Amino acid sequence: MTESILRLTVNGALHTVVTSSHRTLLEVLRKDLDMTGTKHGCDLGECGACTVLVDSKPMLSCITLASQVEGREITTIEGLSDGPFPDELQTAFSELGAAQCGYCTPGMILSSRSLLDTNPDPTTDDINEALAGNLCRCTGYVAIISAVHLAATRTLGRAE
Amino acid sequence: MYPPNFDYVAPTSLDEALAALAGAENTKVLSGGMSLIPLMKMRFVRPTTVVDISRIPGLDDVTDDGDHITIGAMVRHATTASHPLVQEHASALAEAANGTADLLVRNRGTTCGSLALNAVAADQPGAALALNATMHAASVRGTREIAAADFFLDAMTSALAPDEILTKITIPKGGVSTYRKLGRRGGSSDYPIAAAAVWVDVSDGSVSDARIALNGVSSTPYLAVGSAEALVGSDGSADAIASAASHATDGVNVLEDLYATVAFRTHLAGVYVRRALEDVLA
């Protein structure tokens with residue numbers, strides 16, 4: 001069976017990984033690259049805990065083979081902050097307590113990041129649609145949606 | 001959870017991909033992987049060779065080709081949903097794509113992959129039937145065209161041979177279409193409990209042609225021939241629509257599962273045919 005050398009670009013850095021072809025992007029991120037911010041949830045593409053950005057679009061790393069994304073730009077939650085400075089979404093989630101157990105939070109924030117990058121002033125419906133694939137088993141959706149609004153408002157305020 | 005191990009090949013030309021499929025036993029074509037990889041993890045399918053077609057150039061275009069539009073094998077649901085050509089000429093398919101699962105899946109899953117798999121209740125096959133799409137298959141043996149009506153054989157079974165790739169679909173222009181469904185959790189996301197894709201051509205105030213397809217209702221999507229016959233030649237009035245809707249499950253073995261009884265699903269099939277027709281004939 002295929003054992004291959006993969007070159008993965010994660011958070012702007014090139015990583016070389018020797019792995020077998022059946023391994024998912026999620027497994028390689030967590031076990032080979034020690035990036036455990038991406039969470040391992042349902043494992044079948046239902047829950048969104050494993051969300052990462054591939055070429056700026058949110059996708060499910062648990063049902064994506066690492067081999068499929070060689071040469072793509074992968075962004076995980078570890079790559080969102082600018083050094084010690086958190087992303088506006090991370091600040092807003094933190095301030096509003098938009099996390100209970102926290103397991104869905106990285107996926108929620110990455111899906112939200114992609115939304116705000118393409119739609120800086122989303123309606124609540126837009127946010128609901130963008131986060132439809134990210135499940136929160138604590139059902140803390142109200143605070144999560146408020147946090148996305150807050151981050152959007154602050155980003156727009158600074159732009160003016 | 002890993003899928004069982006397999007040989008992975010990612011050719012950069014169609015010819016190489018076809019040769020890889022022809023040269024191995026027990027192969028699967030991988031496009032987005034949103035269905036295939038979960039199925040492999042659950043051991044429902046265990047290919048020994050997976051041929052990833054995502055690195056083949058030229059498969060991810062939607063193009064205007066005169067009397068039809070073409071959707072390539074690697075066009076993702078998100079593109080199908082938002083592409084102006086699909087919205088204008090094949091709105092049932094754009095709506096089906098927009099209501100498929102969630103954005104995370106739509107960003108990777110492909111229209112052609114969904115058609116090739118023909119999962120029970122999947123959104124795309126119903127729309128392809130109503131739109132009279134033509135499937136273009138390629139193998140080392142050559143290429144062939146398969147009409148949508150001859151393509152969806154049974155649950156998880158299409159007319160594609162194991163060594164064939166669905167390289168593109170073409171959809172004739174003309175008429176008006178829409179797609180309406182009831183998802184398992186309500187709303188339009190998730191697999192439908194029942195869904196109707198309808199296409200009508202109206203001239204001089206009467207319905208000159210129609211195709212009505214249902215998915216999620218039986219083990220494979222089907223054309224409700226009796227519904228279309230009831231509609232063609234009519235003025236598209238509420239009575240004509242009601243008559244068409246009453247034939248939505250004629251001769252069909254309606255599914256029963258934890259989401260709906262046979263009686264409820266039969267009722268839903270008529271409701272969604274009616275709503276879809278009301279929309280296109282309004």
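Reading guide: rules and limits
- Residues numbered from 1 in each chain as written.
- Chains lettered and ligands numbered in written order.
- Predicted model: local features only at pLDDT ≥ 70, side-chain atom pairs only at ≥ 80, totals over all residues.
- Heavy atoms only, no water.
- Contact = heavy atoms within 4.5 Å.
- Buried area = accessible area lost by both parts, 1.4 Å probe.
- Salt bridge = Lys/Arg side-chain N within 4 Å of Asp/Glu carboxyl O.
- Polar contact = N/O pair within 3.5 Å; in protein donor to acceptor, adjacent residues only side chain to side chain.
- Helix = DSSP H or I, 4+ residues; strand = E, 2+ residues; numbered from the N terminus.
- pLDDT = per-residue confidence, 0-100.
- Domains from an automatic or database assignment.
- Pairing = 2+ DSSP bridges.
- Axes fitted to C-alpha atoms, helices over the stretch in contact; angles between N-to-C directions.

Engineer: Can you help me understand the interface of chain B and chain A in this one?
Structural biologist: Reports of interface size often rely on the accessible area that becomes lost once the parts have come together. Across the contact, 27 residues belong to chain B and 32 residues belong to chain A. Together chain B and chain A conceal approximately 2700 Å² of surface at their shared face, both sides included; 56% is due to carbon and sulfur atoms. It is Y2, L104 and R108 of chain B in chain B that bury the most area against chain A; as a group they hold 25% of the surface buried on that side. With its nearest N and O atoms 2.9 Å apart, the salt bridge here joins D43 of chain A to K41 of chain B. There are 14 residue pairs in polar contact (both at pLDDT 80 or more) connecting chain B and chain A. Those elements giving two or more residues to the side of chain B that touches chain A turn out to be β1 (7-9), α2 (36-41) and α6 (103-106) of chain B.

Engineer: I'm lost on the confidence of the model for chain B in this one. Help?
Structural biologist: A low pLDDT score tells you not to read the predicted coordinates there in detail. Of all residues in chain B, 99% have pLDDT values of 70 or greater, and the mean over the chain is 96. Both scores are given for the predicted complex: the pTM is 0.96, the ipTM 0.95.

Engineer: Explanation requested: the domain arrangement of chain B in the structure shown.
Structural biologist: Here chain B is partitioned into domain 1 (7-52), domain 2 (62-172) and domain 3 (176-281). The straight-line distance from the C-alpha centre of domain 1 of chain B to that of domain 3 of chain B is 35 Å.

Engineer: Where do I start with the environment of T91 of chain A in this structure?
Structural biologist: All names here are of chain A. Considering the arrangement of structural elements, one finds T91 in helix α2 (residues 88-95). Counting along the chain gives 18 residues from T91 to I109, while the straight-line C-alpha distance between them is 11 Å. Leave out the neighbours within four places in its chain, and T91 touches P86 and R154.

Engineer: Mind showing me how you'd approach the sheet that holds strand β11 (residues 176-183) of chain B here?
Structural biologist: The strands making up a sheet associate through backbone hydrogen bonding, with each pair oriented either parallel or antiparallel. All names here are of chain B. The strand order across the open sheet formed by 4 strands is β11-β12-β13-β14, and the pairing between neighbours is antiparallel. In this open sheet, the two edge strands, each paired with only one partner strand, are β11 and β14 (222-223). Against the sheet, helix α8 (residues 123-130) touches β11, β12 (192-203), β13 (206-215) and β14, its axis set at about 160° to β13. Sheet strands in contact with helix α11 (residues 262-281) are β11, β12 and β13, and its direction is about 35° off that of β12.

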